[in-house]
Amino acid sequence: MKKVAFITLGCKVNQYETNSMIQKFIQKGYEIVEATEKADIYIVNTCTVTNMSDRKSRQMLRRVKEQNHKAIVVACGCYVQVAKEEVEKIKEIDLVLGNNEKKEIVEMIEKYEKENEKQSKIEDVMQQKEYVELGEITYTEKTRAVIKVQDGCDRFCSYCIIPYARGRVRSREPEKVIAEIKKIAQQGIKEVVITGIHIASYGKDFKKDYKLIDLLEEINQVNGIQRIRLGSIEPLLITEEFVERLSKLEKICHHFHLSLQSGCDATLKRMNRRYSIQEFQEIVERLRSVYQDAILTTDIIVGFPQESEEEFKETYAFLKKIKFYKMHVFKYSPRKGTRAAQMLGQIDGKIKEERSQKLIKLSDANEKEYHEKYLGKEVEILCEEEKNGYYQGHTKNYILVKVKSKEDLENQIVEVKCIENEKGHIMAKM
């Protein structure tokens, strides 16, 4: 029995697609092992969202060969899709596959073994018109399953390479999504995470009038599923009608990751984001008026081309006013092939670092303030795993809580009392 190890970089979509590939290998009798173990085949599912992602992808592809010089090394995913020629030059790689070719991974490996020469197959995703099914997922985490409902993005933000790696918007048929979730529920999985490259666009490519909220209403009806968590969402999805319908779904988790990117209108315009700061604030107020316990998180880019000190101050003031629970702060790095990379006024690295640190400090202070509000209160958590006698799990609004227990609490929803604030989580007792 040959051993296969996976390394997955990047987003939850990649995580879903790795699970799909794992399923294919299991069905063909391969053994799945940890990436740190000696394996016969190493598969690196790459990411290209930043230059750092590219570098990490290259490092991983070279590193796995050191674990077993005779192993087959496979590169697939977004970095491969946008940097085909670059990837093919990496001598450690035996097989190169684009995003749509992940569905053929077992066959391509077996072809490589037969012919014993480097293989490469990457289609032009921009020509892809329909959603590509990678195969049913029954291989998931123990307590939650990531469900991919959509691929591609039509937004073309000026800093982003992802539309070129993933192609145009393609939505998955709702019947297939629901069928997969029903099978997952039968395994005892209580939580599903709805993800895609741009899930706000779900249904845009259908001939019928069917949107993300219609799909969520159907998922809410699936027996056994107790929590529905949304992946990163475009702020403009949050209309009054969307929130009104969403508020009636008792399984929806009250955590919303709204990708803001900047708190300054001038910067947002250069980024080709399609909302204003005023609109974003109204969206936040809309959510908080319906969900009093709503937790909002976001992504912010600092040091975008031409971002002046004044523009950064505007962003900082806006973020202070909104009070996100957590902010994922990225220092802008030019991506070859995007409009922003060609813009004048690229910002010095030292300035980016200073701005990044200011926002990280603000994010840490916000998190601490949120946690302190919960001390002495009882919350429900879905226990995910046990480490050193402590079970950790998330509240419905995505606060990480740890609790000591001698009982087996894995995959159980339990009520605990918050007693202590720690960086990154809250300590609780039964």
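Residues numbered from 1 in each chain as written. Predicted model: local features only at pLDDT ≥ 70, side-chain atom pairs only at ≥ 80, totals over all residues. Heavy atoms only, no water.

Draft legend 1. Here's a closer look at the pairing of strand 4 (residues 72-77). Most of strand 4 sits out of view: six of its six residues are buried. The pairing of strand 3 (residues 41-46) with strand 4 spans six bridges and is classified as parallel. Looking across to strand 4, one finds that I41 is bridged to I72. Handedness of the crossover joining strand 3 and strand 4 through helix 2 (residues 51-67) is recorded here as right-handed. Direction of pairing for strand 4 relative to strand 5 (residues 95-97): parallel, over a ladder of three bridges. (Buried < 20%, exposed > 50% of the residue type's maximum accessible area, 1.4 Å probe, protein only. Helix = DSSP H or I, 4+ residues; strand = E, 2+ residues; numbered from the N terminus. Pairing = 2+ DSSP bridges. Right-handed = clockwise from strand over helix to strand, strands pointing away.)

Draft legend 2. Spatial organisation of the packing of helix 12 (residues 309-322) against helix 13 (residues 349-374). The geometry of helix 12 relative to helix 13 is characterised by a closest axis approach of 11 Å and an angle of 10° between their N-to-C directions. Our classification of the angle between helix 12 and helix 13 gives roughly parallel. In this structure, helix 12 contributes E309, F312, Y316, L319 and K320 to the contact, and helix 13 contributes R355, K358, L359 and L362. Of the residues contributing to the contact of helix 12 with helix 13, the split by class is five nonpolar, no polar and four charged. (Axes fitted to C-alpha atoms, helices over the stretch in contact; angles between N-to-C directions. Parallel < 35°, antiparallel > 145°, perpendicular 65-115°, else oblique. Contact = heavy atoms within 4.5 Å. Nonpolar A, V, L, I, M, F, W, Y, C, P; charged D, E, K, R; others polar.)

Draft legend 3. Examining the nonpolar core more closely. Formed by 67 residues in total, the largest nonpolar core has its most connected members in I194, L216, I219 and F256. Apart from residues lying up to four places away in sequence, I219 is in contact with V177, I178, I181, V192, I194 and I228. (Core = buried A, V, L, I, M, F, W, Y, C linked by side-chain atoms within 4.5 Å.)

Draft legend 4. Region of interest: the sheet that holds strand 8 (residues 170-171). Read across the sheet, four strands follow the order 8-7-9-10 without closing on themselves; strand pairing throughout is mixed. Each end of this open sheet is capped by a strand with a single partner; those strands are strand 8 and strand 10 (227-230). Bridge count between strand 7 (residues 144-151) and strand 9 (residues 191-196): six bridges; the pairing is parallel. Residue pairing across strands places I147 opposite I194, the latter belonging to strand 9. Contacts from helix 8 (residues 212-219) reach strand 7, strand 9 and strand 10, with the element oriented near 160° to strand 9.

Draft legend 5. Examining the layout of surface pockets more closely. The space that makes up the second largest pocket amounts to roughly 430 Å³. Considering the residues around the second largest pocket, the lining is formed by 23 residues, among which A200, Y202, K211, L212 and L237 are closest to the centre. Mapped onto the lining of the second largest pocket, the elements with two or more residues apiece are helix 8 and helix 9 (240-246). A class-by-class count of the residues in the lining of the second largest pocket yields eight nonpolar, four polar and 11 charged. (1 Å grid on protein atoms, 1.4 Å probe; cavity = no way out; pocket = protein on both sides within 12 Å on 5 of 7 lines; lining within 4 Å. Points joined across faces, edges and corners; volume = space filled by probe spheres on them.)

Draft legend 6. A look at unusual backbone geometry. A positive phi angle is found at Q306, which is not glycine, with a value near 75°. The residue Q306 is located in the loop between strand 12 (295-302) and helix 12 in this model. Under the relative-accessibility criterion, Q306 is labelled partly exposed at 39%. Backbone geometry places N388, a non-glycine residue, at a positive phi of 55°. Structurally, N388 can be placed in the loop between strand 14 (378-387) and strand 15 (390-394).

Remember, this is a structural readout, not a statement about activity or role.
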